[in-house]
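# Structural characterization, general
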Amino acid sequence: MLILLPPSEGKAGEGSGPPLGDLSFPALDRPRKRVLTALVRASRRRDALDVLGLSPGLAGELAKNLELQTAPALPAADLYTGVLYDKLGLGTLTDEARKRAEESVLIFSGLWGVLRITDRVPPYRLSMGVTLPVLGGLAAFWRPTVSKELERLDGGLVVDLRSATYAGAWQPGERSVAVRVFRDGKVVSHMAKATRGEIARTLLETGADPATPGELAALLTGHGHTVHLIEPTRPNRPWILDVSL
């Protein structure tokens, strides 16, 4: 089983260890360098905030982007903060659950493509929804190399807890279940993040390894979630699991 997560806009303020080193999925290293170079250049522009989609209050984030090669790094498990990661609670998992997280959790990133939770990277600011000069839209930029790399991984159910922006970088097809969260028939962003974090923690802490979308739905129902499973309407499309609050 794979658990796909988005990153979070909220991140730890600074790293605490050596600078950027080797990362998982070395086939992505060349495009990572291209994105990093383009990000540094974009962060030096007069219109950097507009290019990166940042508000004036986040101008200080540009300095972090300029120091990515030398800034202290920290594990992705400690880097990302916010509602989803608070509910997931990687730092409080049991040893067995932590091992499962290291093997199954993949974090998608506009800068790094895909990370495992043990990968050490410095704090940065770059959304997958950004269009970087020269490279273009990042989801489209990453899609070919990320898809080729991840499709080599062992088969099994893919539990997709990403937001739409990050889902554009890889679509696993019918082996995946995309989780949507609703309240009163409407998508609720804040609570959706919390629920996705809770679902990821449930999968890791229970040690469950559902082999089919139906088994996933049954597992979550057994843990108090109200779910509705929807079959793909076209070939090579994901199953949909709607979670009602």
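In this text, all values refer to a predicted model and were calculated from it rather than measured experimentally.

## As for the nonpolar core
Formed by 76 residues in total, the largest nonpolar core has its most connected members in Leu5, Leu52, Phe108, Leu126 and Leu132. In this structure leucine 5 touches Leu84, Tyr85, Leu88, Val105, Leu106, Ile107, Phe108, Leu161, Arg162 and Ala200, once residues within four positions along its chain are discounted.

## Let's talk about the pairing of strand E9 (residues 176–183)
With 6 of 8 residues buried, E9 is to be regarded as a mostly interior element. Of the strand pairs in this sheet, strand E8 (residues 158–160) and E9 are connected by 3 bridges, and their pairing is parallel. Note that in E9 the partner of aspartate 160 across the bridge is alanine 178. Two elements, E9 and strand E12 (residues 239–244), share 6 bridges in a ladder whose sense is parallel. In the sheet register, alanine 178 faces E12, and the bridge partner there is isoleucine 240. Pairing between E9 and strand E10 (residues 186–187): 2 bridges, direction antiparallel.

## Focus on the environment of arginine 143
Within the secondary structure, arginine 143 is located in helix H7 (residues 138–150). Along the backbone, arginine 143 and threonine 212 are 69 residues apart, and their C-alpha atoms lie at a distance of 25 Å. The residues touching arginine 143, leaving out its near neighbours within four places in the chain, are Gly168 and Ala169.

## Some points on the pattern of salt bridges
Going through the model one piece at a time under the given rule, you end up with 11 salt bridges. Across the salt bridge formed by aspartate 160 and arginine 162, the nearest N and O atoms sit 2.8 Å from each other. Take aspartate 160: its relative accessible area is 6%, and that puts it in the buried class. A salt bridge links arginine 180 to aspartate 242; the shortest N-O distance between them is 2.7 Å. Placement of arginine 180 in strand E9 and of aspartate 242 in strand E12 is noted, with a sequence separation of 62 residues between them. Looking at arginine 180, the relative accessible area reads 35%, which means it is partly exposed. Here the salt bridges do not stand alone but share partners, grouping Glu9, Glu61, Lys64 and Arg125 into one network.

## Brief notes about the packing of aromatic side chains
This model, assessed by the stated rule, comprises 3 aromatic pairs. Between phenylalanine 141 and tryptophan 142 the ring centres are 5.4 Å apart and the planes differ by 80°, which places this aromatic pair in the edge-to-face class. Across the pair, exposure class does not vary: phenylalanine 141 and tryptophan 142 are buried alike. Sitting over the face of the ring of tyrosine 124, lysine 11 holds its NZ or CZ atom 4.7 Å from the ring centroid. Above the ring of phenylalanine 108, the side-chain terminus of arginine 162 is found at 4.4 Å from the ring centroid.

## Quick word on the environment of lysine 186
Within the fold, lysine 186 resides in strand E10. Along the sequence, lysine 186 and serine 244 sit 58 residues apart, while their C-alpha atoms lie 9.4 Å from each other.

The rules behind each value
- Residues numbered from 1 in each chain as written.
- Predicted model: local features only at pLDDT ≥ 70, side-chain atom pairs only at ≥ 80, totals over all residues.
- Heavy atoms only, no water.
- Core = buried A, V, L, I, M, F, W, Y, C linked by side-chain atoms within 4.5 Å.
- Buried < 20%, exposed > 50% of the residue type's maximum accessible area, 1.4 Å probe, protein only.
- Contact = heavy atoms within 4.5 Å.
- Helix = DSSP H or I, 4+ residues; strand = E, 2+ residues; numbered from the N terminus.
- Pairing = 2+ DSSP bridges.
- Salt bridge = Lys/Arg side-chain N within 4 Å of Asp/Glu carboxyl O.
- Phe/Tyr/Trp six-rings, centres within 6.5 Å; stacked < 30°, edge-to-face > 60°.
- Lys NZ or Arg CZ within 6 Å of the ring centre and 35° of its normal.

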